[in-house]
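# Observations on the three-dimensional arrangement
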Amino acid sequence: MSTYLYRLGALSVRRRGTVLALWLILLATLGTLGGQFGKTAQASFSIPGIESVSANTLLSERFPAGASGAAGRIVFAAPTGAKLSQPALHSAIEKVVAEAKAAPQVASVTDPYATAAVSSDGTVAYASVQYTVPMEKIAASSREALLNSATVGRQAGLKVEFGGEAVQAIPGSSSTEGIGVLVALLVLAVTFGSVLAAGLPLLSALIGVGVGITGITATSAFVNLTSTAPTLALMMGLAVGIDYAPFIVSRHRQYLGEGLEPGEAAARAVATAGGAVVFAGLTVVIALSGLSVVGIPFLTTMGLAAAATVAVAVLIATTLVPALLGFAGHRLDRWSIPGTPAGRRTKAARRTGSLALAGAVPGTNIASKPNFGTRWARGIVARPVPVLVAAVVALGVIALPALSLRLGQPDDGNQPTTSTQRQAYDTLARGFGPGFNGPLTIVVDAAASPDPRAAAQKVSSTLATVKGVVEVSPATFNAAGDTAVISVIPATGPTEAGTATLVTAIRHHQGEILNKTGARLLVTGATAVNLDVSTKLFHAMPLFLLIIVGLSLVLLTIVFRSLLVPLKATLGFLLSIVSTFGALVAVFQWGWLKDLFGVNATGPVIALLPILLIALLFGLAMDYELFLVTRMREGYVHGANAKDAVVGGFATSARVVTAAAIIMTSVFSGFILGDDATIKSIGFALAFGVLVDAFVVRMTIVPAVMALLGDRAWSLPSWLERVVPRVDIEGESLARRLQGMSDGERLHSASSSLPESAGSTRS
């Protein structure tokens, strides 16, 4: 494999102008296609094959007039000491309703007084707003016109707020992502000590993200995407794009320090570090693509969109990065940054004329020039057992809150306390009770019943006896008279455990209703859909985990030609994931440090997050495993003993792995600053997971376990040794082939397989 990557790197350097032009043309083309044909992402998602979704489908068929458009609410609250029945307030509400009816795309607005939508104490009321179009098609001007209708009511002293899906803006990316990019630039500058060396990975990553996102936007013309899919793709594209390139650049500088010309150094960097990048990216792609086997459409599109951006990042790292290194030539260390360790090495190199001092990685001089990574690794290798025990116990303690994990879906109660949605949510809860924000819709399918109205009456009387039901509305029939809808108000809020218990209790009566009336009882509504989605996702996790872990174990066995190393990598990932779940529960469910992270309301962990986190964190964890352990194996196959290989491999990769982990954490942390609850929790989980996995698992537990395993880490049973293919990710065969060759001979060797090679480059 290293030979093919060497040829690819050589060609990319030689044809660097063409490579750069092709990527820019692709970016411009996809951007144009996305702008012309891309569709708005959907803000909602569902899962086919579950009861609540099937009930919604039935409603759209039996009640077509009321099922097409988005819905919302205008919530009114009287001033302190006043009642909404007072003439001035009554008149103000009527004016607000009239203005709301005149807003574009609005089909109807109910009168709170005519529909008895006033609280028992007369202080809170609401008007229901029905749109002619679904949520994702509501124009910004229409939403603004609805919000502006509150002015006349507020001038009269009313509190007027808005809730429901109709006033929800489609979530997307924000300026907070730029914070992660700025931190990444700072970290790269400190790592490489040069503005140019730091800028190359960032430039290549931004081009890769641009290609990925514009490609996804163009694809939306043919595939329905949820609103979180592009954001997840952006998150992953930025993280791995900025992450992969430094490994190529770092190895390139090492080869420059060994006296190779820039073109040859770039080709060899792709051949060696590029192999780890390819397999690391492949692992992430496998994990993200594995979401499709769960059979949940919105997860499939999210996973494939993110996987596509990761694949682009790998292609960028192995083609565009060497091309940019070719443009830089011997000027890679221009504009060195004073005060940084790498900057001091660069300055010393220029003063002494020794390129070896300029490399970000100290090459083979680890023993004579020990750095912090060397000292850290030696300390762990000298005392592996206490280090291992301490790290595992610490992660176990952090993981304990995960035993209380509850899954749910975000609603208006998760919005910022200053938002109109949250104000409306809290006002309705105060006026009508917490369950009013999460009503259950009971569908009575009486098409096969001899007496549909008697069936609906039986359902109503049964519901009134169920514990946890506060109110049961009269049944509303469709025009055909074969289907009825009954609204049930729970005693508890939408995300409380009591509401989930109530849904289960109502469904326990389905068999009884069918036997006695011949009618089907179905439970739906936003709250029921959220509960069903959460249950489906929870049950899908074991299968998904089994598939991605199994495939990745096979991949890692091929890479490392070992059984113990892949097993150790997987067990380390499990430690990372359970500790991350524990942190999620502590912050987002229990409320620990919630103000620090801007968590507006505690409640169940968002249902899609655990399965999504497994996919993302597994791929990222395997990245660091590959980057660290391939350097250890590289030393081992080149003759070092097992412990020296651990120390040497760790020392040569620790700086760049540390930089990569800080970069990824910074990129993900940028998403914590946004207001969307889903994106905030994903950003927190990934940032925390990367920190734990990189610094506790990979950089502490891994060297300890590798020291304990010794030579056994790199052994395979004889029968497996014969069937596992050799991919030569360490570049051993390439090194033997190129050893002793002159630049001209290497040029001829590469040219025998490609039209042109890297050769010697002085740009």
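So, here's what we can say about the structure. (Residues numbered from 1 in each chain as written. Predicted model: local features only at pLDDT ≥ 70, side-chain atom pairs only at ≥ 80, totals over all residues. Heavy atoms only, no water.)

In space, the four strands of this open sheet follow the order β2-β3-β1-β4, with antiparallel pairing throughout. For this open sheet the edge positions go to β2 (106-109) and β4 (159-163), each flanked by a neighbour on one side alone. When strand polarity is set aside, the average angle formed by the axes of neighbouring strands in this sheet is 20°. In this structure, β2 lies alongside strand β3 (residues 124-131), joined through three bridges in antiparallel fashion. Across the sheet, residue V106 finds its bridge partner in β3, namely Y131. (Pairing = 2+ DSSP bridges. Helix = DSSP H or I, 4+ residues; strand = E, 2+ residues; numbered from the N terminus. Axes fitted to C-alpha atoms, helices over the stretch in contact; angles between N-to-C directions.)

So, on to the side chain of E625. With respect to the element layout, E625 can be found in helix α21 (residues 608-637). A polar side-chain atom of E625 sits 2.2 Å from a polar atom in the side chain of K568. Among residues more than four places away in sequence, those in contact with E625 are F560, V565, K568, A569, T630, R698 and V702. (Polar contact = N/O pair within 3.5 Å; in protein donor to acceptor, adjacent residues only side chain to side chain. Contact = heavy atoms within 4.5 Å.)

Let's shift gears to α21. Compared with the 44 Å implied by 1.5 Å per residue over 30 residues, the 42 Å span of α21 between its first and last C-alpha is a close match. Counting buried positions over the 30 residues of α21 gives 27, a clear majority of the element. Phi turns positive, to about 115°, at G639, one or two residues after α21. (Expected span 1.5 Å × (residues − 1). Buried < 20%, exposed > 50% of the residue type's maximum accessible area, 1.4 Å probe, protein only.)

Even without being glycine, Q105 reaches a positive phi, approximately 70°. Positionally, Q105 belongs in the loop between α4 (87-101) and β2.

Now for helix α2 (residues 16-37). When the terminal C-alpha atoms of α2 are compared, their 31 Å separation across 22 residues agrees well with the 32 Å that a helix rising 1.5 Å per residue should span. In the core, the buried residues of α2 are packed alongside α1 (2-14), α8 (195-219) and α11 (297-328).

This part takes up the packing of aromatic side chains. Across all of its chains, the model carries 12 aromatic pairs by this definition. Look at F372 and W376: their rings are 6.0 Å apart centre to centre, the planes differ by 35°, and that puts the pair in the tilted class. Taken together, the residues F372 and W376, both in helix α13 (residues 372-382) and four residues apart, mark about one turn of the helix. Classification of F372 by relative accessible area gives exposed; the value is 58%. Ring geometry for F588 against F684: centres 5.4 Å apart, planes inclined by 65°, an arrangement best described as edge-to-face. Here F588, found in helix α20 (residues 564-589), pairs with F684, found in helix α23 (residues 677-709); they are 96 residues apart in sequence, far enough to count as distant. F684 sits in the buried class, given a relative accessible area of 5%. Feature note: the residues F588, F597, F684 and F688 constitute an aromatic cluster, connected by ring pairs. In this structure, R73 is placed above the aromatic ring of Y126, and the distance from its NZ or CZ to the ring centre is 5.1 Å. Positioned above the aromatic ring of F477, the side-chain terminus of R453 is 4.3 Å from the ring centre. (Phe/Tyr/Trp six-rings, centres within 6.5 Å; stacked < 30°, edge-to-face > 60°. Lys NZ or Arg CZ within 6 Å of the ring centre and 35° of its normal.)

Taken together, V385, V389, V393, V397, L400, L403 and L708 make up a surface patch of nonpolar side chains, about 670 Å² in accessible area. At four residues, helix α14 (residues 384-399) tops the list of elements feeding residues into the nonpolar patch. Mapped onto the secondary structure, L403 falls in the loop between α14 and β5 (407-408). (Patch = residues over 30% accessible without salt bridge, like charges linked within 9 Å, V, L, I, M, F, W, Y side chains within 5 Å. Areas by Shrake-Rupley, 256 points an atom, 1.4 Å probe, with all protein chains shown as cover. Salt bridge = Lys/Arg side-chain N within 4 Å of Asp/Glu carboxyl O.)

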